[in-house]
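If you want the building blocks of each chain, they are given just below.
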Amino acid sequence: MQFLNHQTLFRMILAGANEIIAREKELNAINVFPVPDGDTGSNLAHLMRMLVREMKWSDTSSEMLESMRRACLRGSRGNSGMIFSQFILSMCRYMAARPELKKAQFIEMCEQSVAMSRRSVHEPKEGTVLSVMDDWVNVLQTAFAPSEGLADMLQRSFAEACISLENTKHQLDVLRKHNVVDAGARGFIHFLQGFIASLDDTFPVAGKVFEEPEPFASSGVAVHSHSHEVTDSLAYRYCTEFLFDIRTNLEEVKEHIATMGTSIVAVGDGHQGKIHIHTNVPAQVAEVIQNHGWIVYQKVEDMKRQKDMIYNRQASIALVIDSACDIPETWLDDYQIHRIPLHLQLGRSTYLDKVTLQLDTFYDKLEWMTEQPTTSQPAQETITLLYEQLLTHYDHIISIHLSKPLSGTYDACRQAAERIDSDRIHVVDSRTLSGAYGLIVHQTAEAVKAGKPIDEVLDLLTSSIPRTEILVSVPTLKHMIRGGRVSPLQGKIGRWLNMKPIVSVNQEGQSILYGKTFYKQSNLGKMLKMISLIHRRNPIQRYVILHAGAEADSTRYVEEMVRMTGQNPLYITGVAPVIGLHAGKGAVSVAMMLSSENTRRNT
């Protein structure tokens, strides 16, 4: 073969993608750089599955290249996935201007793609996939023979790339320490295997090019069977990615976030960009990107939680919640709870509740916004990926979620569980929200941490749901009206606009109105009277105080609740933006766990 056309490139990339997909677990098993979170294989395979799913050959090859471009931007995850994405994006750009390539042009395309991949990384490290890419393309450049076929040339360059891969374990201290090669570089070798094999069906695939020691000896190596002990601490906790419509340029964005973390990779095509960064302040990164474009997609993974999942599990049951559960952030670590954030749309940008949008900035934004922010459930892809990762390490998953009438999150999680393994994934509707949801989760987490069996934990969880109550003092109805959360107000909005209601949820988890006053002080007295009546009929076992940017007002509630019950609140915390956007700044709520079933919620 002396030239390459679009259809041939299409086959080569798909073959390379399938080769990586086949070696996902082995790549996970050697992942120790830049952090030991065991997901390089999963990230690369995710990108490759996206390419396989989205790339369809068409007589109009420009459509194929466009679908490849979209798949690369949407599907790239993690350092290596982002670098691979830029490598393929650059190929697309080069091919778009040329219907076919001669060998010299093919080499030039590879050279430009490798150069753009290196340029995408803010601080390139030697001993990674970038080193192997460089060595591979250098062989193509220096050993070019006009009479040699493309397949033969690629086979010859592949041998040098394998040597370069082996050298990575001597170039980075962490790889030398664990005696492994770089996982991303290993993924590139597998990609080349499929890439080359598509031109020559005699070329070996599925990793049979050379023998290797454990942990690569079997393609069935599980993610949790790492042969090396990883104790390295994490300087940055969150693996964060943003896909956004560009208003300026990627280099400018990259410079603005340079001090916020490490492992920064920026890829794009001139219209859209994607940023990857390991950081402790994902919300601050989101603000910078919002100043340079409009966020259309984002992913934030907790690398500490991933590391604990692999090396430091407390129990055999994984506990999953969504961001409508208001509990102290420290509890997520104490109980190793996994959280799925809901999405909020503010103007043209999308945020992740409690992750890229924090309480200290949200309520001020809410006050000056002319349009009500909207919420949406997590993507099926996000839920599925989390469940699949957890089932690799846990016997069961208990996934507790915001009331079904208030969000589609419960149904989305239930559908994912049925598709993956409904016997091991138990999806539960809390039939409530915020602090009452938090009390249910706390009781469940205590049982899981104590090592109770799955059936006992589920029975305890089920019995705790009807024992909860939550009352919310809302300073204004305008946000609930705009969001359509309180249906009984229809037709009476004009008369109640200036009133301050007390809102709760019924047994089905629907918002209901309990009382209304004209003044904040009256609301405090009315709500405390309601709580006192509840306490006399059905003693409060524990309670929590929550507020929407109203810490001073919440203190007054604490004083009165201590006087009434003789006990301090289990915790005091802010209300999640996804909940607070309907109550508005200044809302305060009391959530309670009662001694027996709460009959009030039935009325």
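Please refer to the structure higher up on the page.
Rules used throughout
- Residues numbered from 1 in each chain as written.
- Predicted model: local features only at pLDDT ≥ 70, side-chain atom pairs only at ≥ 80, totals over all residues.
- Heavy atoms only, no water.
- Helix = DSSP H or I, 4+ residues; strand = E, 2+ residues; numbered from the N terminus.
- Contact = heavy atoms within 4.5 Å.
- Areas by Shrake-Rupley, 256 points an atom, 1.4 Å probe, with all protein chains shown as cover.
- Pairing = 2+ DSSP bridges.
- Axes fitted to C-alpha atoms, helices over the stretch in contact; angles between N-to-C directions.
- 1 Å grid on protein atoms, 1.4 Å probe; cavity = no way out; pocket = protein on both sides within 12 Å on 5 of 7 lines; lining within 4 Å.
- Points joined across faces, edges and corners; volume = space filled by probe spheres on them.
- Nonpolar A, V, L, I, M, F, W, Y, C, P; charged D, E, K, R; others polar.
- Buried < 20%, exposed > 50% of the residue type's maximum accessible area, 1.4 Å probe, protein only.
- Phe/Tyr/Trp six-rings, centres within 6.5 Å; stacked < 30°, edge-to-face > 60°.
- Salt bridge = Lys/Arg side-chain N within 4 Å of Asp/Glu carboxyl O.

Draft legend 1. Here's a closer look at the overall build of the protein chain. A tally of helices and strands in the protein chain yields 24 helices and 19 strands. In the protein chain, of all internal contacts separated by at least 6 residues, the share reaching a separation of at least 24 is 77%. For the protein chain, the accessible surface area stands at approximately 23700 Å², while carbon and sulfur atoms represent 49% of it.

Draft legend 2. Fine view of the sheet that holds strand 11 (residues 374-376). Across the sheet, three strands lie side by side as 10-9-11; this open sheet has antiparallel pairing. Here the strands that pair on one side only, and so sit at the sheet edges, are strand 10 (349-352) and strand 11. This sheet shows a mean twist of 30° between the axes of neighbouring strands, independent of strand direction. The pairing of strand 9 (residues 343-346) with strand 10 spans four bridges and is antiparallel. Counted as the bridge partner of L346 is S349 from strand 10.

Draft legend 3. Examining the layout of surface pockets more closely. Computed from the structure, the largest pocket encloses a volume of approximately 930 Å³. Lining the largest pocket are 42 residues, with V300, D302, R339, P341 and V355 sitting closest to its centre. At the level of elements, helix 12 (282-290), strand 6 (293-302), helix 13 (303-311), helix 14 (329-334), strand 8 (337-340), helix 16 (380-391) and strand 18 (572-574) are the ones that each hand at least two residues to the lining of the largest pocket. Ranked by the residues each element gives to the lining of the largest pocket, the list is headed by strand 6, at six residues. Residues that form the lining of the largest pocket fall into these classes: 19 nonpolar, 11 polar and 12 charged. There is about 650 Å³ of room inside the second largest pocket. Taken together, 23 residues make up the lining of the second largest pocket; nearest its centre are E24, S42, R49, L385 and E388. Listing elements by their share of the lining of the second largest pocket, those giving two or more residues are helix 2 (24-29), helix 3 (40-54), helix 13 and helix 16.

Draft legend 4. A look at the sheet that holds strand 5 (residues 272-279). If you walk across this open sheet you meet the four strands as 4-5-3-6, and the pairing is antiparallel. Edge positions in the open sheet fall to strand 4 (261-268) and strand 6, since each of these has one partner strand only. Put simply, the sheet's adjacent strands are angled 15° from each other on average, direction ignored. Sheet topology places strand 3 (residues 238-246) next to strand 6; nine bridges connect them, and they run antiparallel. Pairing of F244 across the sheet is with I295, part of strand 6. Against the sheet, helix 13 contacts strand 3, strand 5 and strand 6, and its axis sits at roughly 30° relative to strand 6.

Draft legend 5. Quick peek at the environment of C325. Along the chain, C325 turns up in the loop between strand 7 (317-322) and helix 14. Residue C325 is classed as buried on the basis of its relative accessible area, which comes to 1%. Every residue in contact with C325, bar those within four places of it in the chain, is listed here: K354, S434, Y437, G438 and V441.

Draft legend 6. Region of interest: the packing of aromatic side chains. The full count for this structure, using the stated rule, is nine aromatic pairs. Ring centres of F87 and F191 lie 6.5 Å apart, and the angle between their planes is 85°; on these two criteria the pair is classed as edge-to-face. Residue F87 is located in helix 5 (residues 78-96), and its partner F191 is located in helix 10 (residues 183-197); the two are separated by 104 residues in the primary sequence. Like F191, F87 is buried. On the numbers, 5.6 Å between centres and 25° between planes, the contact of F191 with F195 is stacked.

Draft legend 7. Structural context of the pattern of salt bridges. Here the structure, examined in full by the defined rule, presents 27 salt bridges. Its salt-bridge partner being D302, residue R237 comes within 2.8 Å of it at the nearest N-O pair. Of this pair, R237 sits in the loop between helix 10 and strand 3 while D302 sits in strand 6, placing them 65 residues apart in sequence. Here R424 ties to D421 by a salt bridge, and the two come within 4.0 Å at their closest N and O atoms. The class for R424 is partly exposed, based on a relative accessible area of 25%. With relative accessibility at 22%, the residue D421 sits in the partly exposed group. Members of the salt-bridge network, linked through shared partners, are R237, D302, K304, R305, D308 and D333.

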